[in-house]
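# Structure at a glance
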Amino acid sequence: MSTDSTLYIGMMSGTSMDGVDGVLADFAGGAIRTLEAAFVPFPDALRAELMALQSSGDNEIAREALAAAHLAGCYAECVAALLPSAPGPVRALAAHGQTVRHRPELGYTRQINHPALLAELTGIDVIADFRARDVAAGGQGAPLVPAFHQACFGQPGQTRVVINIGGIANISVLHADGTVSGFDTGPGNVLMDHWIGLHQGKAYDADGAWAASGQADPTLLGILLDEPYFRLAAPKSTGRDLFHADWLGRALAQAPSMPPQDVQATLTALSAVTIARAIHQQAGEVEAVYVCGGGAYNGALLRELAQALGGKTKVETSDALGVSPNHVEALAFAWLGYRFTRREAGNLPQVTGAKGPRILGALYPA
């Protein structure tokens, strides 16, 4: 593949585990442009297996290997959907993989992926395993998107906050002086998705309509907010290893009984309040915040967030900055792939806690 090409494909499958978001990006002249986007939903069997692999189970090494091959097939399908729009050869594919364990405090993070197979299926160089080097350097390995947010959305002399709300939520504070701070704030959609799946068999709460039909319970919200993670100083990151069904079940056992829609409303408030507290801690009062990820399409959550921020901060989606909320993370990994091929660091040590800047990723040549 041509080493002169500035075309990259980035692919991301996040904590919500709904499928693969992919973008075809062009970094010619140092610009960041999205040329095309695609989404490949996970088959039900793959999504169920990826969910099951979040916890220890029988024969999980073999099951993970088989799931990785299935995942590579989904990635290849996404690549096939994007390639017809490419005006030239694609330099590399940047494939994040599916996180199933994230324990940086123990020195590891685990993303299911089969980049060697993806290279075979596509005939294009693949860059993968972006988090491991940062963790090896003493960092959290997450969030990795703040460096991209600064490159894509930073504005000299203006403080901006970008909020990525996937299964887990994270913030990037792009300070007016050019410095960046950020961390995982806690649950984004992960608990809301679990709860509506349990009670209505739906993958997510469309526009937050079910949450809007209920009332947040202050007692339950207080119990949820008592989680020690929310009081930890940054750098910090989290995932389903902490925020899962059992974690919620323990909180519900301490709260009065209530209708399920009130629980959903409370979980929506939890995400909004923890994000807002993190913003106030890192940025004080800001004029506007920009939301990306699946949570950008949850109207109830955005209204709760605006209220939690005090009502004066404008809450907009990343559309206002020129990038669709569904495309930001995939574009971020395309950018990390671009950085890798240029031998440039992709992490921000002040965000992840790594010992210093590191080139992120591993190459699987076509």
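The structure presented is a predicted model; accordingly, all values stated were derived computationally and were not measured.

## As for the overall build of the chain
Broken down by element type, the chain carries 13 helices and 13 strands. Taken over C-alpha atoms, the radius of gyration comes to 20 Å for the chain, in line with the 21 Å a tight globule of 366 residues would show. Here the chain holds 366 residues, and the buried ones make up 54% of them. For the chain, restricting intrachain contacts to residue pairs at least 6 apart in sequence, the fraction spanning at least 24 positions comes to 68%. When the accessible area of the chain is evaluated, it comes to approximately 14800 Å², of which 50% is carbon and sulfur surface.

## Observations concerning the packing of aromatic side chains
Within this structure, the stated rule accounts for ten aromatic pairs. Relative to Tyr 338, the ring of Phe 27 has its centre 4.6 Å away and its plane inclined at 20°; by these criteria the two rings are stacked. Of this pair, Phe 27 sits in the loop between strand E2 (19-26) and strand E3 (33-41) while Tyr 338 sits in helix H12 (residues 328-341); the two residues are 311 residues apart in sequence, bridging distant segments of the chain. Assigned by exposure class, Phe 27 and Tyr 338 land together as buried. Chaining the aromatic ring pairs together yields one cluster made of Tyr 229, Phe 230, Phe 243 and Trp 247. The positively charged end of Lys 236 is found above the aromatic ring belonging to Tyr 229, 4.5 Å away from the centroid. The positively charged end of Arg 343 is found above the aromatic ring belonging to Phe 340, 5.2 Å away from the centroid.

## Concerning unusual backbone geometry
The residue after Ala 142, namely Pro 143, is reached through a cis peptide bond having omega -15°. In this structure, the amide linkage connecting Ala 234 to the following residue, Pro 235, adopts the cis form with an omega of 5°. Its place among the elements puts Pro 235 in the loop between helix H8 (218-225) and helix H9 (245-253). Despite not being glycine, Asn 59 shows a phi value in the positive range, around 55°. Within the secondary structure, Asn 59 is located in the loop between helix H1 (44-52) and helix H2 (60-82). The residue Asp 129 is not glycine, and still its phi comes out positive at about 60°.

## A word on the nonpolar core
With 45 residues, the main nonpolar core has Ile 163 and Ile 279 as its most contacted residues. Among the secondary structure elements, those contributing two or more residues to this core are strand E8 (160-165), strand E9 (168-174), helix H6 (190-200), H8, H9, helix H10 (260-283), strand E11 (288-292) and helix H11 (299-308). Looking at which element gives the most residues to this core, the answer is H10, with ten residues. Sequence-distant contacts of Ile 279, defined by excluding residues within four places in its chain, comprise Val 161, Ile 163, Ile 171, Gly 284, Val 286, Val 289 and Leu 309. Membership of the second largest hydrophobic core comes to 32 residues, among which are Ala 92, Val 162, Ala 332 and Trp 335.

## What about the pairing of strand E5 (residues 98-103)?
Examined bridge by bridge, E5 and strand E6 (residues 108-112) share five bridges and lie antiparallel to one another. Residue Arg 103 lies in a different strand from E6, and its bridge partner there is Tyr 108.

## Section: the sheet that holds E8
Ordered in space as E10-E9-E8-E11-E12, the five strands form an open sheet in which the pairing is mixed. Looking along the sheet, the strands with just one partner apiece sit at the ends: strand E10 (180-187) and strand E12 (314-317). Neighbour to neighbour, the strand axes of the sheet diverge by 20° on average, direction disregarded. Packing of helix H5 (residues 145-153) onto the sheet brings it into contact with E8, E9, E10 and E11, and relative to E9 it is tilted by some 45°. Its contacts with the sheet place H11 against E8, E11 and E12, and it is angled at close to 150° to E12.

## Some thoughts on the sheet that holds E2
The six strands lie next to each other as E3-E2-E1-E4-E7-E13, forming an open sheet whose pairing is mixed. Strands with a single pairing partner mark the edges of an open sheet, and in this sheet they are E3 and strand E13 (362-364). Across the sheet, the mean angle from the axis of one strand to that of its neighbour is 20°, orientation sign disregarded. Bridge analysis of strand E7 (residues 126-128) against E13 gives three bridges, and the strand direction is antiparallel. Pairing of Val 126 across the sheet is with Tyr 364, part of E13. Where helix H3 (residues 115-122) meets the sheet, its contacts fall on strand E1 (7-12), strand E4 (92-95), E7 and E13, and the angle it forms with E7 comes to roughly 160°.

Thresholds, definitions, all that
- Residues numbered from 1 in each chain as written.
- Predicted model: local features only at pLDDT ≥ 70, side-chain atom pairs only at ≥ 80, totals over all residues.
- Heavy atoms only, no water.
- Helix = DSSP H or I, 4+ residues; strand = E, 2+ residues; numbered from the N terminus.
- Rg over C-alpha atoms; globule rule 2.2 N^0.38 Å.
- Buried < 20%, exposed > 50% of the residue type's maximum accessible area, 1.4 Å probe, protein only.
- Contact = heavy atoms within 4.5 Å.
- Areas by Shrake-Rupley, 256 points an atom, 1.4 Å probe, with all protein chains shown as cover.
- Phe/Tyr/Trp six-rings, centres within 6.5 Å; stacked < 30°, edge-to-face > 60°.
- Lys NZ or Arg CZ within 6 Å of the ring centre and 35° of its normal.
- Core = buried A, V, L, I, M, F, W, Y, C linked by side-chain atoms within 4.5 Å.
- Pairing = 2+ DSSP bridges.
- Axes fitted to C-alpha atoms, helices over the stretch in contact; angles between N-to-C directions.

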